[in-house]
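One letter stands for each residue in the lines below.
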Amino acid sequence: MNAVVQFEQDFSNIIEAIAGPGIGIFPHFIDAGLAAALRHDLATLPPEELTPAAIGREQHQQTNERIRSDKTRWIEGDTPVQRYYLALMTSLKQALNRQLFMGLKDYECHYALYQAGDFYKKHLDAFRGRSNRRLTTVLYLNDDWQASDGGELLVYPLQSKTVLHRVTPEAGTLVCFLSEDFPHEVLPAARDRASIAGWFRIDDPIAPSLQLSPT
């Protein structure tokens, strides 16, 4: 019961952030035990199931190591901890739809493994009117991460080179933001770096973006 209450509080914080600046950073979104279980789940995957990450969508996908060099594996609910995480994000989707009327239909996510030196250059997860992705999530799984390890996520405003947020990829931290509004990049790290990248999707890519009146 306590875990459910805690998740509901985290959902409230996320809803407030998305309704406001459109982005939020939430340390301890999951506890150390769940982070360790997800980290173990990733570590025990057969190496051949982690493949070089692609850019683009569907038939336009391609790999380009000058843009990104991580490896990924889609999470499809193959293990109990994967199913638990997908259920948690389904609950978040329902809360966002209930409070913000976002029309989110489904959620897709993958493990992302950045080995030492890997990176992902500055990019947007969705372009307005050209993608079903409406909301991005990034959950970090790295235990005992130090500043000297590097690997930060840099988030920018649209049309600006000024860093808005610099996020340390510490286990349990969730980053959530409107996919069309925040370019971001992953800096190289000195050690392996693990995360779950996910996207809440809508049916119609040309549907109006979330528009809230200022209060």
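Please refer to the structure higher up on the page.
Residues numbered from 1 in each chain as written. Predicted model: local features only at pLDDT ≥ 70, side-chain atom pairs only at ≥ 80, totals over all residues. Heavy atoms only, no water.

Some details on the overall build of the protein chain
Operational definition: Runs of H or I in DSSP of at least four residues are treated as helices and runs of E of at least two as strands, each being numbered from the N terminus. Accessible areas in this description were obtained via Shrake-Rupley with a 1.4 Å probe; residue shielding takes into account the shown protein chains only.
Along its length, the protein chain carries three helices and 11 strands. For the protein chain, the α and β elements follow one another from N to C terminus as α-β-α-β-β-α-β-β-β-β-β-β-β-β. When the accessible surface of the protein chain is split by element, carbon and sulfur atoms take 52% of a total near 11100 Å².

Regarding unusual backbone geometry
One non-glycine residue, H28, lies in positive phi territory at about 65 degrees. Along the chain, H28 falls in the loop between β1 (23–26) and α2 (32–43).

Side note on the environment of D78
For the record, the criterion: Per-residue accessibility, obtained with a 1.4 Å probe over protein chains only, is compared with the maximum for each type, and a residue is labelled buried under 20%, exposed over 50%, and partly exposed between these values.
As for its placement among the helices and strands, D78 is situated in the loop between β3 (71–74) and α3 (80–100). Given a relative accessible area of 44%, D78 falls into the partly exposed group. A sequence separation of 37 residues divides D78 from D41, and the C-alpha atoms of the two residues are 10.0 Å apart.

Notes on the sheet that holds strand β5 (residues 120–123)
Applied cut-off: Each pair of strands is called paired provided DSSP finds at least two bridges between the two strands. To get an axis, fit a line to the C-alpha atoms, keeping to the stretch in contact for a helix; angles then go from 0 to 180 degrees between the N-to-C directions.
One open sheet holds the four strands; their spatial order is β5-β10-β7-β8, and the pairing between them is antiparallel. Each end of this open sheet is capped by a strand with a single partner; those strands are β5 and β8 (165–167). Between one strand axis and the next, the sheet turns by 10 degrees as a mean value, whatever way the strands run. Direction of pairing for strand β7 (residues 153–155) relative to β8: antiparallel, over a ladder of three bridges. Bridge pairing in β8 links L153 to V167.

Describing the pattern of salt bridges
Stated precisely, the cut-off is as follows: A carboxyl oxygen of Asp or Glu within 4 Å of a side-chain nitrogen of Lys or Arg is what we treat as a salt bridge.
Within the structure shown, the criterion is met by seven salt bridges. Close ionic contact of R73 with E49 constitutes a salt bridge, the shortest N to O distance being 2.9 Å. Note that R73 is positioned in strand β3 and E49 in the loop between α2 and β2 (51–52), a separation of 24 residues in sequence. In this structure E49 comes out as partly exposed when scored by relative accessible area, which is 32%. The partner of D70 in a salt bridge is R68, and the shortest N-O contact between them spans 2.8 Å. The pair formed by D70 and R68 is uniform in burial state, with each residue classed as buried. Each of the salt bridges in this network shares a partner with another, and the network as a whole consists of D106, E108, R133 and R201.

Focus: the pairing of strand β4 (residues 106–114)
Taken across its nine residues, β4 has eight buried, putting it largely inside the fold. Where β3 and β4 come together, four bridges link them in antiparallel fashion. The residue of β4 that forms the bridge with T72 is A112. Where β4 meets strand β11 (residues 193–201), nine bridges bridge the pair, whose relative direction is antiparallel. Across the sheet, Y111 pairs through a bridge with I196, a residue of β11.

Digging into the nonpolar core
Here is the rule we go by: What is meant by a nonpolar core is a set of buried Ala, Val, Leu, Ile, Met, Phe, Trp, Tyr and Cys residues, joined one to another through side-chain atoms within 4.5 Å. Note on contacts: a residue pair is in contact if any heavy atoms of the two residues lie within 4.5 Å.
Core analysis: the biggest nonpolar cluster contains 53 residues, and I14, F29, L38, Y85, L96, L139 and I196 have the highest contact counts within it. Examining the composition of this core, we find that eight residues originate from one element, α3, more than from any other. For L96, the residues in contact, after removing those within four places along its chain, are I14, I15, F101, M102, L104, L135 and F200.

Here we look at the packing of aromatic side chains
The line we're drawing: Pairing of aromatic rings covers Phe, Tyr and Trp, the last counted by its six-membered ring, and requires centre-to-centre distances within 6.5 Å; plane angles under 30 degrees mean stacked, over 60 mean edge-to-face, and any other angle means tilted. Remark: a charge is flagged as sitting over a ring if the NZ atom of Lys or the CZ atom of Arg is within 6 Å of the ring centre and within 35 degrees of the ring normal.
Applying the stated rule across the entire model yields three aromatic pairs. Aromatic pair F177 and F182: ring centres 6.2 Å apart, planes at 75 degrees, arrangement edge-to-face. Since its relative accessible area comes to 0%, F177 is described here as buried. The cationic tip of K121 hangs over the ring face of F119; the distance from NZ or CZ to the ring centre is 5.4 Å. The ring centre of Y156 lies 4.1 Å from the NZ or CZ of K122, which sits over that ring.

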